[in-house]
Each structure stands twice: as C-alpha cells, then as structure tokens.
Amino acid sequence: MKCSAAFVFSENTLNYHFNKDHPFNQKRVLLTKELLESSGQLSAEAVLAPRIATEDELALFHDVAYIQAIKKASKSQLSESEAIQFGLGTEDTPIFPNMHEAASYVVGGTLTAVDAVMEEQTMHALHLGGGLHHGFKRKAAGFCIYNDGAVAIKYLREKYDLRVLYVDTDAHHGDGVQWAFYDDPNVCTLSIHETGRYLFPGTGNVNERGLKQGHGYAFNLPLDAFTEDDSFISVYDSAIKEVADFFKPDIIITQNGADAHCYDPLTHLCSTMRSFEYIPKIAHEIAHEYCGGKWIALGGGGYDIWRVVPRAWGQLWNIMHEGRALTGEIPTTWLKKWEKEAPTSLPAYWQDEKEIVSIPRRAEITEKNEKLLQNMLKYTKKIM
C-alpha cells in the first residue's frame with residue numbers, strides 16, 4: 001500500500017558528532033538518504049526540514065538544570081565534577097562544541113515529524129536522526145544527550161491527548177523511554193532487544209512491567225544473544241500484534257535501531273536484512289489497523305554504517321512510502337561515490353546474498369525466546 005510519507009532531514013543532523021573515533025556516526029543518515037535518492041525512492045518534495053526544539057519543549061521531559069548544564073558544556077563552561085553528575089564527559093557521551101544546538105535539532109526533527117502527521121500534512125513520517133532512547137530526565141547515557149522519543153511522547157500527550165504505543169527494536173533496551181512513562185497508562189512501551197546479561201544498559205527484563213497506574217503497560221522481550229532471523233521475526237510478530245490489540249493505540253512511534261544485524265560490531269544478535277524488512281512491514285499494518293495510519297518512525301543504534309544501516313533504514317522508508325521493500329542491485333552511482341571512503345566492501349544487493357552465520361545453538365535459542373514471549377504475553381491476557 002503506497003502512502004504519503006515525509007522524510008525529515010537537514011545537514012544539521014550531521015552536527016550530532018562526538019568525535020572521529022566515536023562509534024555513533026550520523027553520516028549513516030546521509031548515506032541512507034543518498035542511497036534512496038540513487039534508487040529513485042526519495043524525491044525532494046518528500047524531504048521535510050527539521051526545526052530546532054525550544055527549551056520549553058526539551059523541558060517537557062528533561063530537567064531544566066540538565067538543559068542548562070548541556071548549554072554550558074556546549075561552550076566548555078561545565079566543570080568536570082558537574083559533567084560527571086549529568087553523565088557527560090564519559091567515553092560514551094563525551095562533550096563536544098555546540099552539543100546543545102546539535103541535540104536540540106535531533107529533538108526538533110522528531111517534533112517536526114509529529115506535527116507533520118498530526119496536522120495531516122502526511123500519513124507517516126521518518127526521522128532517522130532521532131531515536132536517542134537512552135537519555136534520562138537529568139542524565140546523558142549511551143550516546144544520547146536529549147531523549148527525542150520521550151520529548152515527542154510528552155508533546156503528543158500534552159498537545160494532542162493521544163494514547164501512544166512506542167515500539168523499540170534496537171538491540172539495546174529502550175530504557176530511557178520506558179522509565180519516562182513507567183507510571184503512565186496512556187503510554188505503552190514494547191522493547192525487543194538483546195538480553196542485558198551481555199549488553200548495555202543491562203535492563204529490559206520481562207518482569208519490568210510498570211508502576212502504579214502504569215503497571216501492565218511496559219513490555220520487554222530480552223532475546224538471547226545470537227538470535228537469528230526466524231526467531232526474531234516470530235517473537236516480534238506475535239509481540240507487536242498482541243500488545244497493539246491489548247492497548248489499542250491512537251498513534252504508533254517506532255524506534256528502528258539497525259544494530260541487531262550480525263555485522264554490527266557492538267551487539268551479539270544475528271539478524272540479516274530479512275528482519276529489517278519485516279519489522280516496518282508489520283508496524284505499517286498496525287498503524288493502519290489501529291491508528292488511522294498515524295506512524296512516526298525514528299532511527300536509533302546501528303554501528304556498521306556502510307554495509308547495514310543504509311540498507312536497513314532505506315527499506316524502512318521504502319515500506320513506509322511504497323508499501324514494499326526493494327530487491328535487486330544497489331545503484332552503482334551510490335557504490336562508486338562511497339567505495340573509496342568505506343573501510344569495507346559495500347554490499348552489491350539490497351538483501352544479504354547468503355546465510356551469513358550458522359549458530360549451533362539455534363534450536364535452544366529459539367526455544368528460550370519463545371518461552372520469554374509466552375511469559376510476556378500472559379500479561380496482555382491478565383490486564384484485559
């Protein structure tokens with residue numbers, strides 16, 4: 001099904017850059033955009049320039065003292081002791097010049113996507129620069145300064161009074177967004193991620209269910225390390241459909257980290273492009289079934305920026321806009337432009353050409369993930 005969709009982007013997105021050696025590299029957004037343009041899938045008319053978020057908008061979620069600390073850090077005016085207090089100056093979230101402005105554009109891009117959908121300029125909106133789900137109310141964490149997803153959900157709740165389903169398929173648990181709405185029955189969070197036994201942030205267990213009135217509206221599937229496509233797709237399909245039917249949202253926000261791919265250097269999941277084509281396909285169906293099509297998709301993790309992220313995020317847009325994934329060869333114009341800069345060979349096709357990995361524990365991992373799924377889904381039956 002072909003739908004109207006907006007692609008939120010500007011060069012300001014690329015200013016969210018810690019340093020040249022940091023694994024978080026927003027060049028992946030540019031690579032994705034140019035891959036789509038080379039494929040004839042992204043027109044200039046579909047590109048929507050983001051605005052910068054105001055301090056009042058940031059304060060919908062973040063503590064004012066934290067925002068002021070980020071502003072001081074942007075100008076090298078924050079002491080080391082203050083920086084540590086706010087999670088800054090660490091290996092994960094080092095301080096960089098003008099970080100407040102760069103991070104505010106990330107949040108503003110997501111708010112631009114929200115307003116485009118809510119004001120009926122478009123049915124769906126994609127902001128690949130967003131999805132920074134580890135940011136907390138007064139602390140940076142996991143490459144995330146401001147949490148654009150949490151701000152956007154607060155914005156949706158206050159301005160439009162909608163019930164929001166947030167679905168996070170990043171390999172890392174969507175902790176910042178979950179904790180932001182842990183006591184809110186009007187926001188349902190579903191995170192499908194690698195178990196925290198081996199991976200940051202170490203949270204996201206099945207028994208994290210919410211507090212007070214929000215109890216029962218947080219769902220987590222911590223998949224076993226080395227989970228492959230078949231198991232990932234199976235549990236994702238059941239989880240998102242059951243949770244959506246239980247919650248019946250007014251709008252869906254998806255965080256689409258691309259770091260569950262087996263090439264990703266920071267995680268231990270073993271998905272291929274099959275999973276990244278299936279994830280948005282079902283999210284698209286859910287958006288139309290429950291939300292009148294209202295769907296905002298964000299980026300997130302993804303640290304193989306050459307072989308994985310442009311294809312995974314490219315297919316997200318293709319499904320959002322055209323209703324189908326592309327097949328066949330990657331355009332030679334894109335390959336020729338980037339092959340000299342890429343530190344590895346670039347993929348020749350949209351799909352992975354062959355089975356990349358073979359895990360001896362496949363049956364055991366699949367069984368363990370299925371048991372986790374059934375344990376999680378029993379809560380949808382109890383609360384109804």
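The structure we're discussing is the one just above.
To start, this report covers the structure provided alongside it. Because the structure is a prediction, the values reported are computed rather than measured.

Quick look at the overall build of the protein
1) Next: In terms of helices and strands, the protein carries 12 helices and 8 strands.
2) Next: The C-alpha extent of the protein, read off along each of the three principal axes, is 55 × 50 × 40 Å.
3) Next: Buried residues in the protein amount to 61% of all 384 residues.
4) Next: Taking contacts inside the protein between residues at least 6 apart in sequence as the whole, the part at least 24 apart equals 79%.
5) Next: Counting only carbon and sulfur atoms, one obtains 50% of the accessible surface of the protein, whose full area is about 14900 Å².
6) Next: In the protein, 38 positive and 51 negative side-chain charges are present, and the distance between their average locations comes to 2 Å.

A few points about the nonpolar core
1) Next: Counting residues in each nonpolar core, the largest one holds 68 residues, and the members touching the most others are L190, Y236, I252, W317 and M376.
2) Next: In contact with Y236, not counting residues within four places along its chain, are V167, T169, I192, Y278, I279, I282 and A283.

As for the sheet that holds strand β4 (residues 164-168)
1) Next: Pairing is parallel across the open sheet formed by 8 strands, whose spatial order is β2-β1-β3-β8-β7-β4-β5-β6. The two strands at the open ends of the sheet, each matched to only one other strand, are β2 (47-48) and β6 (218-223).
2) Next: Pairing between strand β1 (residues 5-8) and β2: 2 bridges, direction parallel. Bridge pairing in β2 places F7 opposite V47.

Details of helix α3 (residues 64-74)
1) Next: Among the residues of α3, those classed as buried are Y66, I67, A69, I70, A73 and S74. The arc that holds the buried residues of α3, viewed along the axis, is 160°, so those residues lie on one side.
2) Next: Check the buried side of α3 and you find it contacts α2 (55-58) and α5 (99-118).
3) Next: Its side-chain oxygen 2.9 Å from the backbone nitrogen of A65, D63 forms the N-cap of α3.

Brief notes about the packing of aromatic side chains
The description of an aromatic ring pair rests on the distance of the ring centres and on the angle between the ring planes.
1) Next: Here the structure, examined in full by the defined rule, presents 17 aromatic pairs.
2) Next: For the pair Y217 and F247, a centre-to-centre distance of 6.1 Å together with 70° between the ring planes defines the contact as edge-to-face. One end of the pair, Y217, is in the loop between β5 (187-194) and β6; the other, F247, is in helix α8 (residues 229-247), and 30 residues separate them in sequence.
3) Next: In this structure F247 comes out as buried when scored by relative accessible area, which is 1%.

Considerations on unusual backbone geometry
1) Next: Here the residue pair F200 and P201 is connected by a cis peptide bond, since its omega of 0° sits within 30 degrees of zero.
2) Next: Counting through the fold element by element, P201 comes out in the loop between β5 and β6.
3) Next: A positive phi is found at E120, a non-glycine position, where the angle reads about 60°.
4) Next: With respect to the secondary-structure elements, E120 resides in the loop between α5 and β3 (124-127).
5) Next: Unusually for a residue other than glycine, K212 sits at a positive phi of about 50°.

Calculation notes
Residue numbers restart at each chain and count upward from 1, following the sequence in its written direction. In view of the model being predicted, local features appear only for residues whose pLDDT reaches at least 70, and side-chain atom pairs are presented and counted only at 80 or more, with totals across whole chains, interfaces and linings using the full set of residues. As a convention, hydrogens and water are excluded, and side-chain values are obtained from all of the structure's heavy atoms. Numbering of helices and strands runs from the N terminus, with a helix taken as a DSSP run of H or I at least four residues long and a strand as a DSSP run of E at least two residues long. Relative accessibility decides the category of a residue: with a 1.4 Å probe and only protein chains considered, values under 20% of the type maximum give buried, values over 50% give exposed, and everything between is partly exposed. We call two residues in contact when some of their heavy atoms are within 4.5 Å. Computed with a 1.4 Å probe, the accessible areas rest on the Shrake-Rupley method; for each residue, only the protein chains presented here act as cover. Only four residue types enter the tally: Lys and Arg on the positive side, Asp and Glu on the negative side; His and the chain ends are excluded. The atom standing in for a charge is NZ when the residue is Lys, CZ when it is Arg, CG when it is Asp and CD when it is Glu. By convention a nonpolar core is built from buried Ala, Val, Leu, Ile, Met, Phe, Trp, Tyr and Cys residues, the set being connected through side-chain atoms within 4.5 Å. In this description, strands pair whenever DSSP reports at least two bridges between them. The arc under discussion is defined with respect to the helix axis, by the directions toward the C-beta atoms. As used in this structure description, the phrase polar contact means that two N or O atoms lie within 3.5 Å; if the pair is within protein, one of them must be able to donate a hydrogen and the other to accept it, and residues adjacent in sequence are counted only when both atoms belong to side chains. Paired rings are identified among Phe, Tyr and Trp, the last through its six-membered ring, by centres lying within 6.5 Å, and are further divided according to the angle between planes into stacked (under 30 degrees), edge-to-face (over 60) and tilted (the rest).

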